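# What the coordinates show
For reference, the chains in residue letters:
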Amino acid sequence: MVSRYHSRIRLGDRPDPGMVAALSEFDKRFEAVRFVLFVHNIRRLGKFGSRALSLAEQDSNGIYPGIGEGPDRVSFLGRGLQFADQVVTVNPDFSQEDNPLPGTAEVLRDVLARRLAEGRLHGIVSRVDSSEWDPATDAALSQRFTDRTLGLRVANKLALQARLRLKEDKDIPLLGVVNRLIPENGFQLLSAIEKHRAELGEIQLVLLAAPGDMDYQRAVERWEEEQDPHQPWVKSRLLFDDNLARMIYAGCDIYLLPAKELPGGINQLLAMRYGALPVARHTGAIAKTVRSYEPGMSLWKDVPGMGVGFKFHAFSDKEFLGALRSALEVFRGNPSVWRQMQVHNMQARLTWGQAVADYLELYANALGLPPREIPAGEPLVDRKSTRLNSSHLVIS
């Protein structure tokens, strides 16, 4: 039976490796287990009311103020970062200007820096499932295509325009967005398009977003209400629609990702794999996956795992519009270069091949590590003196 025990356990975002250390007291086979934590969304700290510790039989270890815990709250993500044998995120160095730590996670800065210095925090960029996301086989598309049959792609653009009742014209730049309506994704910068639309020339914008910030939602609704109903330029769908998302990736010319912060995410990879060129802010995962186009640059220089797009650095209307204007200039004025960029991105190694090798190496290294001790924290105060309602868990 021992041979059937897992030697490694993969944890995600809200773990507590201390629970497994406790299990070792009951079954010694757990002593050989190593834990790898994958941080996908560091904005969410996995905060719970401290009663969660008693439910997990972990209250004897106390709390850890260094990761933002207190008498009435615990952070399962913070505990995972502290105690996991190995930690993986997209870009592990949050001290870099192009990889800012989200404000909600600022309390984790010290533990992140410590794990990085220990060699226990690693960067592996998320990739695309080549079987799930392939424009050559995707049944959601009106016309399937490859990098060798890129001319067929325009049929998806025309179909998307028809579906959303936009003017069907292959020469009008079609901008696409598939994302959540939240401040971190930079939706406030999209208002610059509406304000400067006249100087940008004729464009169309398609936005598919899960509802989020009501101010952004009302702004998009206002744009649609105020536009000429006979010549609309913007269409939105505030819902989840996987088929429409695929049509946008395959049909839009320019994919907009003006993220304020993006610790992880693969939207830019999906867009490039489907032939849309990104206009994106240089931050987080984008910094690791998108090179900035420069006139005259060699598009055939292979940079593994990197595509080419139009990037900007400062989170401002001015820089966002500058990158968008650059993209529009190439789209309208140099179609051969535009096509070369599309082909380059579709041929780029954006799928899981190299990342799988990196993961396997990480797992193997984890097995050679000594077991990580769980130090005692500060004692929990009497729960009666906290504001915790013992019948509920507070989750955020």
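Residues numbered from 1 in each chain as written. Predicted model: local features only at pLDDT ≥ 70, side-chain atom pairs only at ≥ 80, totals over all residues. Heavy atoms only, no water.

A separate point is the overall build of the chain. Counting its regular elements, the chain contains 14 helices and 13 strands. Summarising the internal contacts of the chain: among those between residues at least 6 apart in sequence, 75% fall at separations of at least 24. Carbon and sulfur atoms make up 50% of the accessible area of the chain, which totals about 18700 Å². (Helix = DSSP H or I, 4+ residues; strand = E, 2+ residues; numbered from the N terminus. Contact = heavy atoms within 4.5 Å. Areas by Shrake-Rupley, 256 points an atom, 1.4 Å probe, with all protein chains shown as cover.)

Reading across from one edge, β9-β8-β7-β10-β11-β13-β12 is the order of the seven strands in this open sheet, with parallel pairing throughout. Each of the sheet's edge strands pairs with one partner strand only, and the pair in question is β9 (234-237) and β12 (290-292). Averaged over all pairs of adjacent strands, the angle between their axes in this sheet comes to 30°, without regard to strand direction. Where strand β7 (residues 174-180) meets strand β8 (residues 204-210), seven bridges bridge the pair, whose relative direction is parallel. The residue bridging V177 from the neighbouring strand is L207, located in β8. Most of the contacts of helix α12 (residues 317-333) go to strand β13 (residues 307-312), to which it runs at about 140°, and overall it touches β7, β10 (254-257), β11 (277-281) and β13. (Pairing = 2+ DSSP bridges. Axes fitted to C-alpha atoms, helices over the stretch in contact; angles between N-to-C directions.)

Here we take up the packing of α12 against helix α13 (residues 335-347). The geometry of α12 relative to α13 is characterised by a closest axis approach of 5 Å and an angle of 110° between their N-to-C directions. By the angle between their axes, α12 is roughly perpendicular relative to α13. Here A327, V330, F331 and G333 of α12 lie close against α13, whose contacting residues are P335, V337 and W338. Class assignment for the residues of the contact of α12 with α13 results in six nonpolar, one polar and no charged. (Parallel < 35°, antiparallel > 145°, perpendicular 65-115°, else oblique. Nonpolar A, V, L, I, M, F, W, Y, C, P; charged D, E, K, R; others polar.)

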